[in-house]
Protein chains: 2
Amino acid sequence: MNSKSVTMNFGSGGREMHQFINAYIVEKLKNGILEKLDDAAILENFPNKKLAMTTDNYVVSPIFFEGGDIGKLCICGTVNDLATSGAKPYAISLAFILEEDVPLDVIKRIMDSIVETAKEADVKIVTGDTKVVEKGKGDLIYINTCGIGFIDDGANLSSHNAKPGDSVIITGPIGNHEVAMMKAREMINFDVNVKSDVAPLNKKIETLLTKTKNIHTIKDPTRGGLASALNEICEHSKCGIRLIEKDIPVDREVRAVCDLIGFDPLYLANEGKFIIICPKDDENSVLTIFGPSAKVIGEIIKDDKHLLTLLTKSGGIRKMGMLETIQLPRIC
Amino acid sequence: MNSKSVTMNFGSGGREMHQFINAYIVEKLKNGILEKLDDAAILENFPNKKLAMTTDNYVVSPIFFEGGDIGKLCICGTVNDLATSGAKPYAISLAFILEEDVPLDVIKRIMDSIVETAKEADVKIVTGDTKVVEKGKGDLIYINTCGIGFIDDGANLSSHNAKPGDSVIITGPIGNHEVAMMKAREMINFDVNVKSDVAPLNKKIETLLTKTKNIHTIKDPTRGGLASALNEICEHSKCGIRLIEKDIPVDREVRAVCDLIGFDPLYLANEGKFIIICPKDDENSVLTIFGPSAKVIGEIIKDDKHLLTLLTKSGGIRKMGMLETIQLPRIC
């Protein structure tokens, strides 16, 4: 393979495609399953439990940013989505849409990041696909991952399960991912030291579920941010949520950027934070595992209108709907 | 939602995205699982067997063609890939990358096609994702599907399992999908009546496996065609394959197009045909289920060089490698 960048032949189904896939993908991901390269991977000896399944397309732009890249993002997004159901990640599929002419060095960096993150999250990539589109019909690299996992008996988590009286916890400060993306797009013309929070959280959830099975809801506040995710919970669980603004953790520099640009941190995307909803008695298990940056930020209330409301720092009550317009496109 | 086409807001995570997804996707796919819209779908009561997992990105261009469209293609491709492992399809994920400004009528047609094909293949879509990219960063619609299925005890199918003496069967005439794509791209300036063969084959494989568990390999000759797929089997099973050219079924009009354009039908993509490899004694089970268009086209032989060779109509022996250059890009 003499080319230094992706050619249309890499998507042909022929010899060059096989050489590319073997050299750049299979070689990195060998695990006893993936390298069989059958049309479907075969998995054995899985636990006979409830199964969770999730998928996401990743179209983030740019593909490299402070704190991560599209490779880290796709693995974290998938194991985190599985963890929201209480599932331990079991297997992931990985499918690329490459734009013609993408430098192979870019693929190499992304693959290294995928391998490292999958190792950290302790999940196997078992099957995949690569397609190539003409220059101008994509944007370097789009990735789809689909994940499956198994749920321990006793865990019963869903955005439909929040109950009046439950505490609403956020596992750390919000907005860092979207501000890091603004920085990567050079929308901020002053120096801010903000990194994306992208991280795999599944191990922490596994530990949490060994301590208590009494967690009602875990949700990943990505696109649309904390406020949109909480609105979904209100709608699905047919309840209201009352947030306390002063208790919501936002890093100083994220707040400064929001103040200057006019964005609301409650609508900024996160890639390494969970909303966790549980009875008050189980708060401490969550706070202990996620450390001092995790905060109780509100509670579930009975409300026939299923509203999310914010008790503001100045003592007012503000209704917070879903994100109305896009703050920043293609942040994941 | 007043817009008649996709806007960047449809990928925002906010209100308009939720409205779009509910109206255009969830409403069509309701099945007791998908409409929960949790970050991961939860599946229960699955059979405790071997699990198969497969994924594909679909970037076919154009998205509508004689005999099918990208919606039909994505469901067929996934259930067929599962069937190659002997798995009965159990659940599918569905993820879109939409280009800004795609008319909603297009999405509607594709969704109708997805629903109809999923019904025919008897598979549930349980989870999904929608991302939107700016105009000029995609091509109307790309789809990823990931499928999981379960394999009955006793079935042991893989491209690694072909054995010398086995028969090589093709379940029908080859090349129709790729010729239909040439027609859709107006590369053929004469009238040909060729439709894509895209079809779900999983039900037939389920029937076959109730008659015999003695099938060694099933393979989907898509990109790269029959010859590339058989080369993969030679490599994985460490054997040779001898094909008999006169026995390979090719429709008259497909052959005419190949003769005129200079394409070889053995390298043309198919979307509704299987290569099935089994002991001679099991040939009849396959031929009975797939009907008179299925043909025995060769046999597995011992060959340390793992070559695919063709006994030509004129009596010569020709080595057939993998597809060297692309015949037609983006055919699936």
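What you are looking at is a predicted structure, and each value in this text was computed from that prediction instead of being measured.

Details of the overall build of chain A
Step number 1: Looking only at helices and strands, one finds 8 helices and 14 strands in chain A.
Step number 2: Reported as C-alpha extents along the three principal axes, the dimensions of chain A are approximately 65 × 55 × 30 Å.
Step number 3: In chain A, which comprises 332 residues, the proportion classed as buried is 56%.
Step number 4: In chain A, the proportion of contacts linking residues at least 24 apart, taken out of those at least 6 apart, comes to 86%.

Remarks on the sheet that holds strand 9 (residues 217-219) of chain B
Residue and element names in this part refer to chain B.
Step number 1: The 7 strands are arranged 9-11-8-12-10-13-14 in an open sheet whose pairing can be described as mixed. Each having just a single partner strand, strand 9 and strand 14 (317-319) make up the two edges of the open sheet. The sheet shows a mean angle of 25 degrees between the axes of neighbouring strands, direction not considered.
Step number 2: Alignment of strand 10 (residues 240-244) against strand 12 (residues 295-301), held across 4 bridges, turns out to be antiparallel. Its bridge partner being in strand 12, Leu243 is matched across the sheet by Gly298.

Describing the sheet that holds strand 12 (residues 295-301) of chain A
Residue and element names in this part refer to chain A.
Step number 1: Ordered by their spatial adjacency, 7 strands build an open sheet running 9-11-8-12-10-13-14, and the pairing between neighbours is mixed. Two strands close off the open sheet at either side, each with one partner strand: strand 9 (217-219) and strand 14 (317-319). Shown here is a sheet whose adjacent strand axes are inclined to one another by a mean of 25 degrees, direction ignored.
Step number 2: Taken together, the 4 bridges between strand 8 (residues 167-170) and strand 12 define a ladder with antiparallel strand orientation. Its bridge partner being in strand 12, Val168 is matched across the sheet by Gly298.

Comments concerning the packing of helix 5 (residues 202-211) of chain A against helix 8 (residues 283-290) of chain A
Residue and element names in this part refer to chain A.
Step number 1: With their axes 10 Å apart at the nearest point, helix 5 and helix 8 run at an angle of 145 degrees to one another. Where helix 5 crosses over helix 8, the handedness of that crossing is right-handed. Contacts between helix 5 and helix 8 involve Lys204, Thr207, Leu208 and Lys211 on the former and, on the latter, Ser285, Val286, Ile289 and Phe290.
Step number 2: Along the lines of polarity and charge, the residues of the contact of helix 5 with helix 8 split into 4 nonpolar, 2 polar and 2 charged.

What about the domain arrangement of chain A?
Where interface size is given, it is often the accessible area lost as the parts come together that is meant.
Residues and elements named next belong to chain A.
Step number 1: When cut into domains, chain A gives domain 1 (8-151) and domain 2 (167-319).
Step number 2: Spacing between the C-alpha centres of domain 1 and domain 2 amounts to 28 Å.
Step number 3: Taken together, the contact pairs 22 residues of domain 1 with 21 residues of domain 2.
Step number 4: Looking at the side of domain 1 that touches domain 2 element by element, the count peaks at 11 residues for helix 2 (residues 70-84).
Step number 5: Taken together, the residues that form the side of domain 1 that touches domain 2 break down as 10 nonpolar, 7 polar and 5 charged.

Describing helix 3 (residues 104-121) of chain A
All names here are of chain A.
Step number 1: Over its 18 residues, helix 3 runs 26 Å from end to end, which matches the ideal 26 Å to within 8%, given 1.5 Å per residue.
Step number 2: Those residues of helix 3 that sit buried are Ile107, Ile110, Ser113, Ile114, Thr117, Ala118 and Ala121. Along the axis of helix 3, the buried positions cluster into a sector of 130 degrees, meaning they face one direction only. Across from the buried face of helix 3, at angles greater than 90 degrees, the exposed residues are Asp105 and Lys119.
Step number 3: A positive backbone phi angle near 60 degrees is found at Asp122, which sits one or two residues after helix 3.

Here's the deal with the environment of Glu186 of chain B
Residue and element names in this part refer to chain B.
Step number 1: By secondary structure assignment, the location of Glu186 is in the loop between helix 4 (176-184) and helix 5 (202-211).
Step number 2: We classify Glu186 as exposed; it has 8 C-beta atoms within 10 Å.
Step number 3: Between the alpha carbons of Glu186 and Ile169 there is a distance of 32 Å; along the sequence they are 17 residues apart.

Things to note about the environment of Val102 of chain A
Step number 1: Looking at the secondary structure, you find Val102 of chain A in the loop between strand 5 (87-99) and helix 3.
Step number 2: With 150 residues separating them along the chain, Val102 of chain A and Arg252 of chain A place their C-alpha atoms 37 Å apart.

So, the interface of chain B and chain A
Step number 1: Contacts between the two partners involve 68 residues from chain B, matched on the other side by 68 residues from chain A.
Step number 2: Counting only elements with at least two residues in the side of chain B that touches chain A, the list comes to helix 1 (15-29), strand 1 (41-43), strand 2 (50-58), helix 2 (70-84), strand 5 (87-99), strand 6 (124-133) and strand 7 (141-151) of chain B.
Step number 3: In this structure, strand 1 (residues 41-43) of chain A lies alongside strand 2 of chain B, joined through 3 bridges in antiparallel fashion. Residue Ala41 of chain A lies in a different strand from strand 2 of chain B, and its bridge partner there is Met53 of chain B.

Thoughts on the relation of the copies chain B and chain A
Step number 1: If you rotate chain B by 180 degrees and push it 0.0 Å along the axis, it lands on chain A with an RMSD of 0.0 Å. Taken together, these values place the two copies in the relation of a two-fold axis. Residue Gly138 of chain B of chain B places its C-alpha closer to the rotation axis than any other residue of that unit, at 2.3 Å.
Step number 2: Most of the interface of chain B is mirrored in chain A, where 100% of its interface residues again form contacts.

So, helix 7 (residues 252-261) of chain B
Residues and elements named next belong to chain B.
Step number 1: All of the buried residues along helix 7 are Val254, Val257 and Cys258. Looking down the long axis of helix 7, one finds its buried residues gathered within 100 degrees of arc, a one-sided arrangement. Counted as exposed and oriented over 90 degrees from the buried face of helix 7: Arg252, Asp259 and Leu260.
Step number 2: Those residues of helix 7 that are buried lie in contact with helix 4.
Step number 3: Directly beyond the C-terminal end of helix 7, a positive phi value near 85 degrees is found at Gly262.

Concerning the nonpolar core
Step number 1: In terms of nonpolar packing, the biggest core is built from 206 residues, with Ala52, Ile141 and Ile275 of chain A together with Ala52, Ile141 and Ile275 of chain B touching the most fellow members.
Step number 2: Each residue touching Ile141 of chain B, except ones within four places of it in the same chain, is listed here: Ile63, Ile70, Phe96, Leu98, Val102 and Ile110 of chain B.

Focus on the pairing of strand 10 of chain B
Step number 1: Sheet topology places strand 10 of chain B next to strand 13 (residues 308-311) of chain B; 4 bridges connect them, and they run parallel. Among the inter-strand pairings, Ile244 of chain B is bridged to a residue of strand 13 of chain B, identified as Leu311 of chain B.

Focus on unusual backbone geometry
Step number 1: Looking along the chain, the bond that leaves Ser61 of chain A and enters Pro62 of chain A is cis, with omega of -5 degrees.
Step number 2: Counting through the fold element by element, Pro62 of chain A comes out in the loop between strand 2 (50-58) and strand 3 (64-65).
Step number 3: Unlike most non-glycine residues, Asp122 of chain B shows phi in positive territory, near 60 degrees.
Step number 4: By secondary structure assignment, the location of Asp122 of chain B is in the loop between helix 3 (104-121) and strand 6.
Step number 5: Judged by C-beta crowding, with 13 C-beta atoms within 10 Å, Asp122 of chain B ranks as partly exposed.

The rules behind these values
Residues numbered from 1 in each chain as written. Chains lettered and ligands numbered in written order. Predicted model: local features only at pLDDT ≥ 70, side-chain atom pairs only at ≥ 80, totals over all residues. Helix = DSSP H or I, 4+ residues; strand = E, 2+ residues; numbered from the N terminus. Buried ≥ 20, exposed ≤ 12 C-beta atoms within 10 Å, placed from the backbone. Contact = placed C-beta atoms within 7 Å. Pairing = 2+ DSSP bridges. Axes fitted to C-alpha atoms, helices over the stretch in contact; angles between N-to-C directions. Left-handed = near helix turned anticlockwise from the far one by under 90°. Nonpolar A, V, L, I, M, F, W, Y, C, P; charged D, E, K, R; others polar. Domains from an automatic or database assignment. Expected span 1.5 Å × (residues − 1). Arc of directions from axis to C-beta. Least-squares fit on C-alpha atoms with pLDDT ≥ 70 in both. Core = buried A, V, L, I, M, F, W, Y, C linked by C-beta atoms within 7 Å.

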